[in-house]
Amino acid sequence: MKLHFDCNATTAASMEVVEAMLPWLSRPGANPSATHPAGREAARAVQRARDQVAALIGARRAADIVFTSCGSESTATAFHAARHRADAAGRPQRAVISAAEHSATKKAAAARFGDAVTTVPVDAGGALDRDALSAELAAGDVAIVSVILLNNETGVISDLDGLGEECRAAGALLYVDAVQAPAKMSIDVERIGCDLLGLSGHKFHGPRGVGVLHVSGDTDLPALIVGGPQEGERRAGTENVPGIVGFGVAAERAAERATCAQARAEISARRDRLESLILDGCPGSSINGDTTRRAPNTTNIGFDLGGTGLDATALLALLHDQGIEVSAGSACNSSRMAPSAVLLAMGRSEARAASALRLSLAHQGTPDATSMADAERCAAAVIEAHAQVQALIR
Ligand SMILES: Cc1ncc(COP(=O)(O)O)c(C=O)c1O
């Protein structure tokens, strides 16, 4: 039997989401821009999804929700907006990002700002160094600050309260990559005070190929994709009505899970059991990331592989053979076993960073749901794989 422990990479859309989407895949005339009845019905369905997303992130105005194609597009649009702002400033401007950002952010920053990208450190637990960020803002000429809310590799949650106000005072835009946050924590755009915030449907049992960019009311957002007047002229292209409807339903469920003590207790109990079994069964293993500010579904564990140059690839091969799907560090880096840049930024050695496994679980009531028995079976397989690698190197 296959076990999926890679839910931070992607999740399966829930049946409720699929059922809500299905009629919209084949409904004639479902173009929200059209003025005929079928078009108006589609526009209402999109509006409902906008309301559901606004509720998920505590947004005051549903009109501030812009649907995109994915989290990466939302991030790219934020940096496009920042570039416009920088060009208008008439003097050199920089982007400031944290050392724990996803590759979508690092690459969008480099694409728009070249060498003018400053990276702010994180501490050994993965927490953003807010003092270092404040110092960069005080130094001036910052067009955009981009920070991740919940880290995809470690699950560590950043403290971003009030950061928007600080950025605004320094004349910088604040973009928050909240792609991993839904269902794992409550999100409050007003408390963060960010100008822009990105989400992606496939990370919380919505469909792939739909993202969101929340654009706070007074933020100027030049469209990255130009053409028709969709999304208030902020993102052209005929709306993906089925995907947007599915996103809305998934958002509603994610909001419930984030605030439900039982849902949180269930998933964290399975994660904690998995984690403690692995730590007990694999001498020299340890958790990467601050466990006091962490998503309830994620653990990132580094192993002692004996300093022989062996890395997590060896563990992955053995686990995948047993039908257990996990990833090493970030999923996007798994085919190349470069040590995770996030773990290096947290001060782990190259060998330790390259040994890490990321195990991410899914809530009960979802297609990927992780049971306690799944967690125990996965832990046993990791312990066995670790013992085999240890035997190889002795
Ligand atoms: C933290 C984070 N940001 C951005 C993305 C990109 O999202 P998408 O796959 O929807 O483009 C991901 C996906 O792995 C992610 O984990």
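Above this text is the structure in question.
Residues numbered from 1 in each chain as written. Predicted model: local features only at pLDDT ≥ 70, side-chain atom pairs only at ≥ 80, totals over all residues.

## Side note on the site of the ligand
Then, number 1: The immediate surroundings of the ligand are formed by C70, G71, S72, H102, A104, I148, N152, D177, V179, Q180, S200 and G211.
Then, number 2: Its residues placed into classes, the shell around the ligand shows four nonpolar, seven polar and one charged. (Near = placed C-beta within 6 Å. Nonpolar A, V, L, I, M, F, W, Y, C, P; charged D, E, K, R; others polar.)

## Regarding helix 9 (residues 241-259)
Then, number 1: A rise of 1.5 Å per residue sets the reference length of helix 9, with its 19 residues, at 27 Å; its end C-alpha atoms lie 28 Å apart and thus fit the reference within 8%.
Then, number 2: Of all 19 residues that make up helix 9, 15 are buried, and the element is covered over most of its length. (Helix = DSSP H or I, 4+ residues; strand = E, 2+ residues; numbered from the N terminus. Expected span 1.5 Å × (residues − 1). Buried ≥ 20, exposed ≤ 12 C-beta atoms within 10 Å, placed from the backbone.)

## As for the packing of helix 3 (residues 71-89) against helix 4 (residues 103-113)
Then, number 1: Look at helix 3 against helix 4: their axes get within 9 Å of each other, and the N-to-C directions meet at 30 degrees. In terms of orientation, helix 3 lies roughly parallel with respect to helix 4. Note on packing geometry: the crossing formed by helix 3 with helix 4 is right-handed. Note on element contacts: helix 4 touches helix 3 through A104, T105, A108, A109 and R112, opposite G71, S72, T75, A76, F79, H80, A82 and R83.
Then, number 2: Among the residues forming the contact of helix 3 with helix 4, the class breakdown is six nonpolar, five polar and two charged. (Axes fitted to C-alpha atoms, helices over the stretch in contact; angles between N-to-C directions. Parallel < 35°, antiparallel > 145°, perpendicular 65-115°, else oblique. Left-handed = near helix turned anticlockwise from the far one by under 90°. Contact = placed C-beta atoms within 7 Å.)

## Considering unusual backbone geometry
Residues apart from glycine generally show negative phi values, whereas peptide bonds are mostly found in trans.
Then, number 1: The phi angle at A183 is positive, at roughly 75 degrees, despite the residue not being glycine.
Then, number 2: In this fold, A183 is placed in the loop between strand 6 (173-177) and helix 7 (189-192).
Then, number 3: Here E231, not a glycine, exhibits a phi torsion of approximately 50 degrees, which is positive.
Then, number 4: Looking at the element boundaries, E231 is found in helix 8 (residues 230-233).

## Focus on the sheet that holds strand 2 (residues 65-68)
Then, number 1: A sheet is described by the order of its strands in space; here seven strands give the open sequence 2-8-7-6-5-3-4, paired in mixed fashion. Each having just a single partner strand, strand 2 and strand 4 (117-120) make up the two edges of the open sheet. Here the strands of the sheet are splayed against their neighbours by 20 degrees on average, with no regard to which way each runs.
Then, number 2: Pairing of strand 3 (residues 94-98) with strand 5 (residues 142-148), which is carried by four bridges, proceeds in the parallel orientation. Each residue of the ladder has a partner; that of I97, found in strand 5, is S146. (Pairing = 2+ DSSP bridges.)

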